[in-house]
Structures are given as structure tokens and as C-alpha cells.
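The primary structure of each chain is shown beneath.
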Amino acid sequence: MARRNKILVPEARSGLDALKAKVVQSASPENAKFEAAEEVGVPLKKGYNGKLTSEQAGKVGGRLGGSMVRELVKMAQENLSKRQ
């Protein structure tokens, strides 16, 4: 299945990948989702994962997405405090 979410600024892909690896404390962005899945106890593997429940998939996505949003908010707050 193709990705449906589009990055507003395509040049930001590498930065978002780096952030994803940072929040999970992974060596590479490609392994970040597998490490996040392991942390929450979801049996995610490379290739087909059609047997995962919606709850399991949501745990992995929520762990990554939520952590990325928290980190972005923290970065924005720090940036704003530096300007003042």
C-alpha cells in the first residue's frame, strides 16, 4: 500500500527521518519503527505485517508520532524562548 500522507515540504524528509531515529534512540531511521515496536511489545517484522491488529499498529504509530510531535513542540518552545 502506498503512503498516503504527504510531507508539505519534501526536502524535510531527511530531517523527519533523523528526528524519528532520535526519539526512539535508534541508529537509523529505517530501524526506528522496529525498535519502537519492540518497546511496546508488538511483533513487527520486515515485510508483510497484515496479521497485526489495529491496536498493535496504533501502538507503534502512536509511539513514534507522539514522541516526534512532543520533540517538535519542545524544539519550537526553545526556539521561541531564544528569540525573546
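What you see is a predicted model; the values in this text were computed from it and never measured. (Residues numbered from 1 in each chain as written. Predicted model: local features only at pLDDT ≥ 70, side-chain atom pairs only at ≥ 80, totals over all residues. Heavy atoms only, no water.)

### Digging into the side chain of serine 67
Definition in use: Comment: elements are numbered from the N terminus, with helices defined as DSSP H or I runs of at least four residues and strands as E runs of at least two. We define a polar contact as two N or O atoms separated by no more than 3.5 Å, with the added condition that, inside protein, one atom must be a possible hydrogen donor and the other a possible acceptor, whereas residues neighbouring each other in sequence contribute only through side-chain atom pairs. Whether two residues are in contact is decided by their heavy atoms: any pair within 4.5 Å suffices.
Structurally, serine 67 can be placed in helix 3 (residues 54–83). A polar contact of 2.8 Å, which involves the side chain of serine 67, links it to the backbone oxygen of arginine 63. Not counting residues up to four positions away in its chain, the partners in contact with serine 67 are Val23 and Gly62.

### Quick notes on the packing of helix 1 (residues 13–24) against helix 3
For any two helices packed against each other, one specifies the crossing angle of their axes together with the interaxial distance. We apply this condition: Fitted lines through C-alpha atoms give the axes, limited to the stretch in contact for helices. The angle between two N-to-C directions lies from 0 to 180 degrees. Angular relationships are summarised with four words: roughly parallel below 35 degrees, roughly antiparallel beyond 145, roughly perpendicular across 65 to 115, and oblique for the angles in between. Each residue receives one of three labels: charged for Asp, Glu, Lys and Arg, nonpolar for Ala, Val, Leu, Ile, Met, Phe, Trp, Tyr, Cys and Pro, and polar for the others, Gly being one of them.
Relative to each other, helix 1 and helix 3 sit at 105 degrees, their axes nearing to 9 Å. With respect to helix 3, the axis of helix 1 lies roughly perpendicular. Contacts between helix 1 and helix 3 involve Leu16, Leu19, Lys20, Lys22, Val23 and Val24 from the first element and Arg63, Leu64, Ser67, Met68, Glu71 and Leu72 from the second. Split by residue class, the contact of helix 1 with helix 3 holds seven nonpolar, one polar and four charged.

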